[in-house]
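So you can see what is in the structure, the chains are spelled out below.
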Amino acid sequence: KAGVTQTPRYLIKTRGQQVTLSCSPISGHRSVSWYQQTPGQGLQFLFEYFSETQRNKGNFPGRFSGRQFSNSRSEMNVSTLELGDSALYLCASSYGTQLVLTFGAGSRLTVL
Amino acid sequence: GQQVMQIPQYQHVQEGEDFTTYCNSSTTLSNIQWYKQRPGGHPVFLIQLVKSGEVKKQKRLTFQFGEAKKNSSLHITATQTTDVGTYFCAEYNTGKLIFGQGTTLQVKP
């Protein structure tokens, strides 16, 4: 059974640009969550999608957005990048109401 | 807001020594999960505790949930170099995981 797949694994952007990250959940998992990990703030929740609907949202500015497709794949977008957006962005999937998350390897974003 | 405090932040041990990390909350936790993140890796689920006073073991790892459901601990007996990494506790609440800051374990061979 394939795990959670995130692309790209690494990317470098400059301030003001935008970025789109992709996540393919484990087959059959309909919930996809996104987390930001930085040395200073640790792991912080961005948002969660279930059946193409955003069910929960963390305390991030509107520059951070996401969506989920009918095949449960998800994307997150960050517009007008700032230096502080440099982080490891982790996607996690879960099955239905199961509370356990399986994380992908992450997308490491560097903003210059 | 919800906060899960985790201590210590770092721990260096000699291989074979024991290690414990603690997770505390000012409010009652509905559940507690533990994850391990190896250097350069991603969080991997270890265990979930939901009952007051619950104790679970996985080989050399012992997980406890406090009687008041406000704290939890992870104890590793006789650490090995493969135990190196950051251990996070997290509460699953209203669709999201609230993570502690993590305890980074270094093991000297």
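Our subject in this report is the structure included herewith. All chains use their own residue numbering, which begins from 1 and follows the written sequence. For this description, chains carry letters from A and ligands carry numbers from 1, given in the order in which they are written. The predicted nature of this model means local features are confined to residues of pLDDT at least 70 and side-chain atom pairs, given and counted, to a pLDDT of 80 or more, with totals for whole chains, interfaces and linings taken over all residues. As a rule here, side-chain values cover all heavy atoms of the structure and leave hydrogens and water aside.

**As for the overall build of chain A**
Counted only if it meets this: Runs of E in the DSSP output that reach at least two residues are strands. Runs of H or I that reach at least four are helices, and both are numbered from the N terminus. Exposure is judged per residue with a 1.4 Å probe applied to protein chains only, and the accessible area is read against the type maximum: over 50% gives exposed, under 20% gives buried, and values in between give partly exposed. Only heavy atoms enter the contact rule, under which two residues are in contact if any of them lie within 4.5 Å. Computed by Shrake-Rupley with a 1.4 Å probe, the accessible areas treat only the displayed protein chains as cover when residues are assessed. Just so you know, the count uses Lys and Arg for positive and Asp and Glu for negative, and it drops His and the chain ends. To locate a charge, take atom NZ for lysine, CZ for arginine, CG for aspartate or CD for glutamate.
Each helix and strand in chain A was counted, giving zero helices and 11 strands. The order of α-helices and β-strands along chain A, N terminus first, is β-β-β-β-β-β-β-β-β-β-β. Here chain A holds 112 residues, and 49% of them are scored as buried. Of all intrachain contacts in chain A linking residues separated by at least 6 positions in sequence, the fraction that spans at least 24 positions is 53%. Approximately 5,300 Å² of chain A is accessible, and the part contributed by carbon and sulfur atoms is 48%. Separation of charge centres in chain A, based on 11 positive and 5 negative side chains, amounts to 5 Å.

**Quick look at the state of the cysteines**
Stated precisely, the cut-off is as follows: We call a pair of cysteine sulfur atoms a disulfide whenever their separation is within 2.5 Å.
Considering all chains together, one arrives at two disulfides over all chains under this definition. Disulfide pairing is shown between Cys23 of chain A and Cys91 of chain A; the S-S distance is 1.8 Å. Between Cys23 of chain A and Cys91 of chain A, the disulfide has an S-S torsion of -55° and is therefore left-handed. Placement of the pair is Cys23 of chain A in strand E3 (residues 19-24) and Cys91 of chain A in strand E9 (residues 87-94), with a sequence separation of 68 residues. A relative accessible area of 0% places Cys23 of chain A in the buried class. Each sulfur of the disulfide joining Cys23 of chain B and Cys89 of chain B lies 2.0 Å from the other. Between Cys23 of chain B and Cys89 of chain B the disulfide shows an S-S torsion of about 75°. By sign, it is right-handed. A residue pair is termed long-range when its members are at least 10 positions apart, and Cys23 of chain B in strand E3 (residues 19-24) and Cys89 of chain B in strand E9 (residues 85-93) qualify at 66 residues. Residue classification places Cys23 of chain B among the buried residues on the basis of a relative accessible area of 0%. Judged by its relative accessible area of 0%, Cys89 of chain B is buried.

**Description of the interface of chain B and chain A**
Operational definition: Once two parts are put together, the accessible area they lose, assessed with a 1.4 Å probe and summed over both, is termed the buried area. The salt bridge definition used is simple: a Lys or Arg side-chain nitrogen within 4 Å of an Asp or Glu carboxyl oxygen. Under this definition, polar contacts are N or O atom pairs within 3.5 Å; protein pairs additionally need one hydrogen-donor-capable and one acceptor-capable atom, and for neighbouring residues in sequence, both atoms have to be side-chain atoms.
With 17 residues of chain B at the contact, the number on the chain A side is 17 residues. Summed over the three residues of chain B that lose the most area to chain A, namely His42, Tyr92 and Phe99 of chain B, the buried surface amounts to 30% of that side. There are zero salt bridges connecting chain B and chain A. Counting across the interface, chain B meets chain A through three residue pairs in polar contact (both at pLDDT 80 or more). Those elements giving two or more residues to the side of chain B that touches chain A turn out to be strand E4 (32-37), strand E5 (44-49), E9 and strand E10 (96-99) of chain B.

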